[in-house]
Amino acid sequence: MTSERLTPEQTEQLEAAAFRSLVAHLRERTDVQNIDLMNLAGFCRNCLSRWYQEAATARDIPLTQDEARELVYGMPYSEWKAKHQK
């Protein structure tokens, strides 16, 4: 199935599901540091949280940087750093 055969709603649903899977995967892979992600992929958890916040802002949804990071990290950023950052 190509993207032309998907409705806009189906595309959005699949993109959202893929994003949720990516976030869940990154939450599980606490051994992978953000610097490693940046070096290999050109983005990291902080980038995802920034994009999340930018999407909220574009839709007039109030969301702070800390709230966006917590949505991506699954906990407050300071807590994640203390537990997992090397």
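Residues numbered from 1 in each chain as written. Predicted model: local features only at pLDDT ≥ 70, side-chain atom pairs only at ≥ 80, totals over all residues. Heavy atoms only, no water.

## Comments concerning the side chain of S49
Looking at where S49 falls in the secondary structure, it is placed in helix α3 (residues 45-58). A polar contact is formed between the side chain of S49 and the backbone oxygen of N46, at a distance of 2.8 Å. The residues contacting S49, other than those within four sequence positions of it, are A68, R69 and V72. (Helix = DSSP H or I, 4+ residues; strand = E, 2+ residues; numbered from the N terminus. Polar contact = N/O pair within 3.5 Å; in protein donor to acceptor, adjacent residues only side chain to side chain. Contact = heavy atoms within 4.5 Å.)

## Focus: the packing of α3 against helix α4 (residues 65-73)
Look at α3 against α4: their axes get within 8 Å of each other, and the N-to-C directions meet at 125 degrees. Judged on the interaxial angle alone, α4 and α3 are oblique. As α3 runs across α4, the sense of the crossing is right-handed. Across the interface between the two elements, R45, N46, L48, S49, Y52 and Q53 from α3 touch Q65, A68, R69, L71, V72 and Y73 from α4. (Axes fitted to C-alpha atoms, helices over the stretch in contact; angles between N-to-C directions. Parallel < 35°, antiparallel > 145°, perpendicular 65-115°, else oblique. Left-handed = near helix turned anticlockwise from the far one by under 90°.)

## A look at the layout of surface pockets
Space inside the largest pocket adds up to approximately 350 Å³. Around the largest pocket, the lining residues are E12, E15, A16, F19, L48, W51, Y52, A55, A56, R59 and I61. Elements supplying a minimum of two residues to the lining of the largest pocket: α1 (8-28) and α3. Examining the composition of the lining of the largest pocket, we find that five residues originate from one element, α3, more than from any other. (1 Å grid on protein atoms, 1.4 Å probe; cavity = no way out; pocket = protein on both sides within 12 Å on 5 of 7 lines; lining within 4 Å. Points joined across faces, edges and corners; volume = space filled by probe spheres on them.)

## So, the UniProt feature "domain: SMc04008-like" (unreviewed entry) in the protein chain
According to UniProt, the "domain: SMc04008-like" (unreviewed entry) feature falls on residues 32-86. The span residues 32-86 is 71% helix and 0% strand, and its two end C-alpha atoms sit 10 Å from each other. (UniProt positions renumbered as here; feature names shortened; annotations may be inferred.)

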